[in-house]
Amino acid sequence: MLISKFNRLIRNKVVWGAFAFIVCISFLGFFTSTGGCGSKRVKVNAIAKLNGREVGAAEFQRARFNTLFSLSLMLGRPIPVTEKNEARIRQQAWERLAALESAAALGVTTSDEEVIDAIQRDERFLVNGVFNKDRYAAFLQAVLRGWNATDLQFEELMREELTLQKLQGMLGSAAWIAPADMARAV
């Protein structure tokens, strides 16, 4: 009796149809680019790996832009991109990405209030020691138009710069040696 029920179950078209449907769905989910085995997934726009993490072209271009923009703001003039400069800019962009990744791993972040405070304390935007919105707007119009950048990109650049300054400060405070310890060592 048990064998006849099992035989009837095996010869049932509905059971085999459900089994085939489940197999098809699992193959689609496993072998497509959006699902399944993560080790077989290929990232098309990954250009390199940084500390085991794939870095996409868009992320690197943003870091390169921020590096070039930051250097230009620091010098007060645009930096010409020549073959000699390009290699150094690329190197600094990779260093920027690595430093920002280290900051994220250490939990070093910059809040919106810190960005606003830094912009309001910037000497370029002060008139008689007070933040001037018109001067800030004029700066954004003049500088950002030449770079095809938005004010959000400038604020993101400021956030990155503040995060890098915090990381640099952490490194400096960790490497600081008390004068008494130095005198004792000498």
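Cut-offs and rules
For every chain, the first residue of the written sequence is number 1, and numbering continues from 1 along that sequence. Local features in this predicted model are restricted to residues of pLDDT 70 or higher, and side-chain atom pairs are both shown and tallied only at a pLDDT of 80 or more, whereas totals for entire chains, interfaces and linings draw on every residue. Side-chain measures were taken over the full set of non-hydrogen atoms in the model, leaving aside hydrogen atoms and water. Between the rings of Phe, Tyr and Trp (Trp by its six-membered ring), a pair exists once the centres lie within 6.5 Å; its type follows the angle of the planes, with under 30 degrees stacked, over 60 edge-to-face, and the other angles tilted. Each residue's exposure class comes from its accessible area (1.4 Å probe, protein chains only) as a fraction of the maximum for that residue type: buried when under 20%, exposed when over 50%, partly exposed otherwise. Secondary structure elements follow DSSP: runs of H or I no shorter than four residues count as helices, runs of E no shorter than two count as strands, and numbering proceeds from the N terminus. Only C-alpha atoms enter the line fits that serve as axes; for helices the fit covers just the stretch in contact. Angles between N-to-C directions range over 0 to 180 degrees. Any angle between 65 and 115 degrees counts as roughly perpendicular, while under 35 counts as roughly parallel, over 145 as roughly antiparallel, and the rest as oblique. For a crossing to be left-handed, the near helix must be turned anticlockwise from the far one by less than a right angle; the clockwise case is right-handed. We call two residues in contact whenever any of their non-hydrogen atoms come within 4.5 Å of each other. Under this grouping Gly is polar, as are all residues other than the nonpolar Ala, Val, Leu, Ile, Met, Phe, Trp, Tyr, Cys and Pro and the charged Asp, Glu, Lys and Arg. Nonpolar core, defined: a set of buried Ala, Val, Leu, Ile, Met, Phe, Trp, Tyr and Cys residues in which side-chain atoms within 4.5 Å join the residues together. Only protein atoms enter the calculation, which uses a 1 Å grid: trapped sets of points that fit a 1.4 Å probe without letting it out are cavities, open sets showing protein on both sides within 12 Å along at least five of seven lines are pockets, and any residue with an atom within 4 Å of a point is a lining residue. Grid points are joined across faces, edges and corners, and a volume is the space filled by probe spheres set on the points.

Engineer: Which parts of the structure should I look at to understand the packing of aromatic side chains?
Structural biologist: How two aromatic rings sit relative to each other is given by the distance of their centres and the angle of their planes. Enumeration according to the criterion identifies ten aromatic pairs in this entry. Judged by centre distance (6.4 Å) and plane angle (85°), the ring pair of Phe125 and Phe131 falls under edge-to-face. Looking at Phe131, the relative accessible area reads 24%, which means it is partly exposed. With centroids separated by 5.0 Å and ring planes inclined at 85°, the aromatic side chains of Phe125 and Tyr136 adopt a geometry described as edge-to-face. Of this pair, Phe125 sits in the loop between helix H5 (112-121) and strand E3 (126-127) while Tyr136 sits in helix H6 (residues 133-147), and the two are eleven residues apart along the sequence. Note on Phe125: relative accessible area 0%, which makes it buried. Residue Tyr136 is classed as buried on the basis of its relative accessible area of 12%. Three or more aromatic residues link up through ring pairs in this structure, and these residues are Phe125, Phe131, Tyr136, Phe139 and Phe154.

Engineer: I keep staring at the packing of helix H3 (residues 57-75) against H6 and nothing clicks. Help me out?
Structural biologist: If you want to describe how two helices pack, look at the angle between their axes and the distance between the axes. H6 packs onto H3 with a crossing angle of 130° between their chain directions and a minimal axis gap of 12 Å. Classified by the interaxial angle, the pair formed by H3 and H6 is oblique. Both H3 and H6 take part in a crossing whose hand is right-handed. Contacts from Phe65, Leu68, Phe69, Ser72 and Leu73 in H3 reach Phe139, Val143, Leu144 and Trp147 in H6. Residues of the contact of H3 with H6, tallied by class, amount to eight nonpolar, one polar and no charged.

Engineer: What am I meant to see in the nonpolar core here?
Structural biologist: Within soluble globular proteins, side chains that are nonpolar generally end up buried alongside one another. Residues Ile119, Phe125, Tyr136, Leu140, Leu144, Phe154 and Met158 are the most contacted members of the largest nonpolar core, which totals 14 residues. Not counting residues within four places of it along the chain, the set of residues in contact with Phe154 comprises Phe69, Leu73, Ile119, Phe125, Tyr136, Phe139, Leu140 and Leu144.

Engineer: Even after reading the chapter, I still don't get unusual backbone geometry, so can you show me in this structure?
Structural biologist: The phi torsion of most residues other than glycine is negative, and most of the peptide bonds are trans. Positive phi is not limited to glycine here, since Asn128 has a value of about 55°. For Asn128, the location among the structural elements is in the loop between E3 and strand E4 (130-131). Despite not being glycine, Asn148 has its phi angle at roughly 55°, a positive value.

Engineer: How should I be thinking about the layout of surface pockets in this particular structure?
Structural biologist: The rolling of a water-molecule-sized probe over the atoms marks out the regions of remaining empty space. Empty space within the largest pocket amounts to approximately 680 Å³. Lining the largest pocket are 21 residues, and of these Ser70, Met74, Arg96, Glu161 and Gln165 lie nearest its centre. Put simply, the parts of the chain that give the lining of the largest pocket at least two residues each are H3, helix H4 (83-106), H5 and helix H7 (151-175). A total of seven residues in the lining of the largest pocket trace back to one element, the largest contributor, which is H7.

Engineer: Explain the side chain of Arg96 to me, please; I cannot follow it from the model alone.
Structural biologist: Examined against the element boundaries, Arg96 turns out to sit in helix H4. Owing to a relative accessible area of 8%, Arg96 belongs among the buried residues under this scheme. In this structure Arg96 touches Ala63, Asn66, Thr67, Ser70, Leu157, Glu160, Glu161 and Leu164, once residues within four positions along its chain are discounted.

Engineer: Would you take a moment to explain the environment of Ala99 for this structure?
Structural biologist: By the secondary structure assignment, Ala99 is in helix H4. A sequence separation of 74 residues divides Ala99 from Ile25, and the C-alpha atoms of the two residues are 43 Å apart. The contact partners of Ala99, leaving out residues within four places of it in the chain, are Leu164 and Leu167.

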